[in-house]
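Here are the chains, one letter per residue:
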Amino acid sequence: MLKGIPQMLYTLSAMGHGDSVVLADANFPAYRIASDHTLVHIPNISICEMLKALLQVFPLDHLHESAGYVMEVDSEDQRRGVKTPIWQEYSEILRKDNNKSKQVLGSHSRASFYAEALKAQLIVLTGECAPYANLMLFKGVLN
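Source: prediction; values computed, not measured.

What counts and what doesn't
- Residues numbered from 1 in each chain as written.
- Predicted model: local features only at pLDDT ≥ 70, side-chain atom pairs only at ≥ 80, totals over all residues.
- Heavy atoms only, no water.
- Helix = DSSP H or I, 4+ residues; strand = E, 2+ residues; numbered from the N terminus.
- Rg over C-alpha atoms; globule rule 2.2 N^0.38 Å.
- Buried < 20%, exposed > 50% of the residue type's maximum accessible area, 1.4 Å probe, protein only.
- Contact = heavy atoms within 4.5 Å.
- Areas by Shrake-Rupley, 256 points an atom, 1.4 Å probe, with all protein chains shown as cover.
- Lys, Arg positive; Asp, Glu negative; His and termini not counted.
- Charge placed at Lys NZ, Arg CZ, Asp CG, Glu CD.
- Salt bridge = Lys/Arg side-chain N within 4 Å of Asp/Glu carboxyl O.
- Polar contact = N/O pair within 3.5 Å; in protein donor to acceptor, adjacent residues only side chain to side chain.

(A) A look at the overall build of the protein. The secondary structure content of the protein amounts to 6 helices and 6 strands. Start at the N end of the protein and walk to the C end: the helices and strands fall as α-β-α-β-α-β-α-α-β-α-β-β. Computed over the C-alpha atoms, the radius of gyration of the protein is 14 Å, within 12% of the 15 Å expected from 2.2 N^0.38 for a compact globule of 143 residues. The buried share of the protein, reckoned over its 143 residues, is 49%. Across the protein, every contact between residues at least 6 apart in sequence was considered, and the portion connecting residues at least 24 apart equals 87%. For the protein, the accessible surface area stands at approximately 7,500 Å², while carbon and sulfur atoms represent 50% of it. The average position of the 13 basic charges and that of the 15 acidic charges among the side chains of the protein differ by 3 Å.

The following block contains the structure:
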């Protein structure tokens with residue numbers, strides 16, 4: 001699936017250990033956040049589909065506490081009862097790839113997630129519409 005996205009493959013291969021990629025949902029301010037970094041817009045794909053494809057060529061960093069990071073639900077959305085079932089899907093996908101004994105999903109506050117995303121080498125803007133679907137991954141060492 002990634003074969004048709006040369007800019008994304010080039011950026012993934014140029015990334016080093018500890019560099020990050022954000023798989024962004026359709027509501028993520030990707031154009032503002034990406035600024036100097038690579039932004040790839042693939043509106044016809046879900047984050048789960050992209051995650052499965054990405055993990056075929058992208059080793060996860062074992063130095064991080066978690067395999068991936070999501071944005072915490074803010075207090076207003078908690079009061080409104082917003083649910084995040086997509087996180088369970090991420091956990092299942094990452095658990096298959098994560099052979100280390102560590103937490104599968106960690107989280108950052110909205111402000112912290114955006115601050116980390118500003119440092120990402122790659123942002124993949126998808127068509128995902130699930131609430132709080134943004135996912136950040138850090139590149140590990142190639143074997």
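(B) Expanded view of the pattern of salt bridges. In total, this model carries 4 salt bridges according to the counting rule given. One salt bridge connects arginine 110 with aspartate 74, and the closest N-O pair in it is separated by 2.9 Å. With arginine 110 in helix α6 (residues 110–117) and aspartate 74 in the loop between β3 (66–71) and α4 (75–80), this pair connects stretches of sequence that are 36 residues apart. Arginine 80 is the partner of aspartate 77 in a salt bridge, and the nearest nitrogen-oxygen pair spans 3.3 Å. Highlighted residues: aspartate 77 and arginine 80, both in helix α4, separated by 3 residues, approximately one helical turn. For aspartate 77, a relative accessible area of 12% puts it in the buried group. Overall, arginine 80 belongs to the exposed group, its relative accessible area being 60%.

(C) Just the side chain of aspartate 61, in detail. Residue position: aspartate 61 is located in the loop between α3 (47–54) and β3. Judged by its relative accessible area of 5%, aspartate 61 is buried. At a separation of 3.0 Å, a polar atom in the side chain of aspartate 61 contacts the side chain of histidine 17.

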